[in-house]
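One letter stands for each residue in the lines below.
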Amino acid sequence: MALQVAGGVACCCSPPLAGRRQPRPAALCGRPPRAVASGAAAAAVEEGEGKVRLGESGVAVTKLGIGAWSWGDTTYWNDSEWDDRRLKEAQEAFDASIDNGMTFFDTAEVYGTALMGAVNSESLLGGFIKERQQKEQIEVAVATKFAALPWRFGRGSVLSALKKSLDRLGLSSVELYQLHWPGIWGNEAYLDGLADAYEQGLVKAVGVSNYNEKRLRDAHARLKKRGVPLAANQVNYSLIYRTPELNGVKAACDELGITLIAYSPIAQGVLTGKYTPENPPTGPRANTYTPEFLTKLQPLMNRIKEIGASYGKSPTQVSLNWLTCQGNVVPIPGAKNASQAKEFAGALGWSLTGDEVEELRTLAREIKGIKMPIEES
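Residues numbered from 1 in each chain as written. Predicted model: local features only at pLDDT ≥ 70, side-chain atom pairs only at ≥ 80, totals over all residues. Heavy atoms only, no water.

- The name given to the protein chain in an unreviewed UniProt entry is NADP-dependent oxidoreductase domain-containing protein, with Urochloa decumbens as the source organism.

Listed below in C-alpha cells is the structure:
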C-alpha cells in the first residue's frame, strides 16, 4: 500500500492567544544540519510536507506514526481486559489518526497474542483499514514485525510468518517488515529471510528492532550484499530514555542512512504529565515508574509544561517534538483513543528552539533508573 496523504498533517491545537508564542515552523528547527556519510543523506530526505523516507528505501511515511501495541492486548495494557468499549476506542483512534494526516501504523504478530481474551493487533488493524476503505479510498503505510522465537529456524520461517501476518492484515504486502528483537540464534538466516521477502515483493522495505550498534552494523552489511537497504531500526527512545544517543545506535543510524523509529516516545504515558508521585501508573508500568522515580521527574515535567504553555502545546506534544528535533527519528506513540491521536498530531508543524532542545536534554540527564536489557543483548 503506497502512502498518500493530502493536505499535510492537521494540528489540534487551539488558535494563538495573546501572549503566546507562535510555534516556529518545523523547517526552522534549532538543531544544526546532521553530518552524514555520502549515500546516507537519503535517510533524512523529506518527501513533501509531513513525510520522510525510511532510510534509503523507496518508502515514505508520515513524520509521526501510530503504534498499535495496545490494540487487543491484555498482558501489558488495558487492565488485562479487552472488550467492546476498548475495541470501539481503538477504531476511533485509527480513524482520528487518518483524519489528522498520520497514516503510518506499526504493529507486530505478537501484539495481542491469544492469551486472556486478547485479540491480535494485526487483525484489528486490518479490519480498521478495510472498514474505512469501504467508506472512502485511503492509503496507509503498515509496518509489522517477525518474532525471533527460539523454535523458528532458517530464512523460510521469516517468509512463513510474514505470509500469516499479511493474511491477518488482509494485505498483499506491507511497507516495512522488521525483526522484532535479536534471536538467540539464527539471526543471519532471519536477515536472509527479510531479503527474500523484499525480492519477492511482499515488503517494500525491511528493518530491525531493538538492535544494538554492532548488530545494526552487521545487519546493514549483510543486507547490503544482497542489494537490500536496511531502512529502519526501531528502539526505545524518549526524552527520559536516551540510550540510543549513548550506546552508538543513533549515531550509527545517522551514519548508515537508517531511520530510527522511536517506540515509547512519551515513556508509556509518563511524559504526558498525567502521572505524579501521588498518582503513579498501574499495572506493569508501576514497576518502572515508581513514586520515587516520578518525584525525580517533576523538575523536568515542570519545565516541559512551561515551554509548552509558551507555544500553546501540551507536555505530550513538546516531548514528541523534542524527538523530531533530533533528526532522522520517526516517533510512534501508541494511541488508545481518538483524543490521544488528535493530540499527537499537534506535535508536528512547529519546532522547539535549539536552546530549548538542549535545556530539556540537560534536565533529563538528572533522571536515572530506566533500563532495557534487550538492547544490550
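## Focus on the overall build of the protein chain
Now for step 1: What the protein chain contains, in helices and strands, is eleven helices and ten strands.
Now for step 2: Looking at the protein chain residue by residue over its 377 residues, the buried ones come to 56%.
Now for step 3: Long-range pairs, those at least 24 residues apart, make up 78% of the contacts in the protein chain between residues at least 6 apart in sequence.
Now for step 4: Approximately 15,500 Å² of the protein chain is accessible, and the part contributed by carbon and sulfur atoms is 53%. (Helix = DSSP H or I, 4+ residues; strand = E, 2+ residues; numbered from the N terminus. Buried < 20%, exposed > 50% of the residue type's maximum accessible area, 1.4 Å probe, protein only. Contact = heavy atoms within 4.5 Å. Areas by Shrake-Rupley, 256 points an atom, 1.4 Å probe, with all protein chains shown as cover.)

## A closer look at the side chain of Lys145
Now for step 1: The topology assignment puts Lys145 in strand S5 (residues 141-146).
Now for step 2: A relative accessible area of 0% places Lys145 in the buried class.
Now for step 3: A polar contact is formed between the side chain of Lys145 and the backbone oxygen of Thr107, at a distance of 2.9 Å.
Now for step 4: Not counting the four nearest positions on each side in its chain, Lys145 is found in contact with Asp106, Thr107, Ala108, Glu109, Tyr111, Tyr177, Gln178, His180 and Gln234. (Polar contact = N/O pair within 3.5 Å; in protein donor to acceptor, adjacent residues only side chain to side chain.)

## What about the pairing of strand S9 (residues 259-263)?
Now for step 1: For S9, the tally of buried residues reaches five of five residues, placing the bulk of the element in the interior.
Now for step 2: Neither face of S9 is left uncovered, since the one carrying Thr259, Ile261 and Tyr263 and the one carrying Leu260 and Ala262 both have all their residues buried.
Now for step 3: For strand S8 (residues 230-236) and S9, the ladder comprises five bridges, and the chain directions are parallel. Opposite Asn236, over in S9, you have Tyr263 as the bridge partner.
Now for step 4: One ladder, built from three bridges, connects S9 with strand S10 (residues 329-331); its direction is parallel. The partner of Ile261 across the bridge, within S10, is Val330. (Pairing = 2+ DSSP bridges.)

## Structural notes on the pairing of strand S6 (residues 176-179)
Now for step 1: Where burial is concerned, the two faces of S6 agree: the one with Leu176 and Gln178 and the one with Tyr177 and Leu179 are both buried.
Now for step 2: Looking at chain direction, S6 and strand S7 (residues 206-209) are connected through three bridges and run parallel. Directly across from Gln178, in S7, lies its bridge partner Gly207.
Now for step 3: Between S6 and its parallel partner S7, the chain crosses via helix H4 (residues 187-199), and the hand of that crossover is right-handed. (Right-handed = clockwise from strand over helix to strand, strands pointing away.)

## A look at the packing of aromatic side chains
Remark: the centre distance and the inter-plane angle together describe each pair of aromatic rings, the angle taken between the planes.
Now for step 1: On inspection of all chains with the given rule, the structure shows ten aromatic pairs.
Now for step 2: Judged by centre distance (6.2 Å) and plane angle (5 degrees), the ring pair of Phe153 and Trp185 falls under stacked. With a gap of 32 residues between them, Phe153 in the loop between S5 and helix H3 (155-169) and Trp185 in the loop between S6 and H4 connect regions that are remote in the sequence.
Now for step 3: Residue Trp185 is classed as partly exposed on the basis of its relative accessible area of 42%. (Phe/Tyr/Trp six-rings, centres within 6.5 Å; stacked < 30°, edge-to-face > 60°.)

## Structural notes on the packing of H4 against helix H5 (residues 213-225)
Now for step 1: Two numbers describe how H4 lies on H5: the axes approach to 10 Å, and their chain directions differ by 45 degrees. Classified by the angle their axes make, H4 and H5 are oblique. The chirality of how H4 crosses H5 is right-handed. Between H4 and H5, the contacting residues are Asn187, Glu188, Leu191, Asp192 and Ala195 on the first element and Arg215, Ala219, Arg222 and Leu223 on the second.
Now for step 2: In terms of residue class, the contact of H4 with H5 is built from four nonpolar, one polar and four charged. (Axes fitted to C-alpha atoms, helices over the stretch in contact; angles between N-to-C directions. Parallel < 35°, antiparallel > 145°, perpendicular 65-115°, else oblique. Left-handed = near helix turned anticlockwise from the far one by under 90°. Nonpolar A, V, L, I, M, F, W, Y, C, P; charged D, E, K, R; others polar.)

## Details of the sheet that holds S8
Now for step 1: Spatially, the eight strands line up as an open sheet ordered S3-S4-S5-S6-S7-S8-S9-S10, and their pairing is parallel. Sheet topology places strand S3 (66-67) and S10 at the edges, where each strand pairs with a single neighbour.

## Comments concerning unusual backbone geometry
Now for step 1: A positive phi is found at Gln268, a non-glycine position, where the angle reads about 55 degrees.
Now for step 2: Look at Gln268 and you get buried, because its relative accessible area is 12%.
Now for step 3: Phi is positive for Asn328, close to 60 degrees, though the residue is something other than glycine.

## Quick word on the pattern of salt bridges
Now for step 1: This model, assessed by the stated rule, comprises 23 salt bridges.
Now for step 2: Note that Asp106 is salt-bridged to Lys145, the shortest N-O span being 2.6 Å. Highlighted residues: Asp106 in strand S4 (residues 104-106) and Lys145 in strand S5, separated in sequence by 39 residues.
Now for step 3: Asp196 is the partner of Arg226 in a salt bridge, and the nearest nitrogen-oxygen pair spans 2.7 Å. Within this pair, whereas Arg226 is found in the loop between H5 and S8, its partner Asp196 is found in helix H4, the two being separated by 30 residues in sequence. (Salt bridge = Lys/Arg side-chain N within 4 Å of Asp/Glu carboxyl O.)

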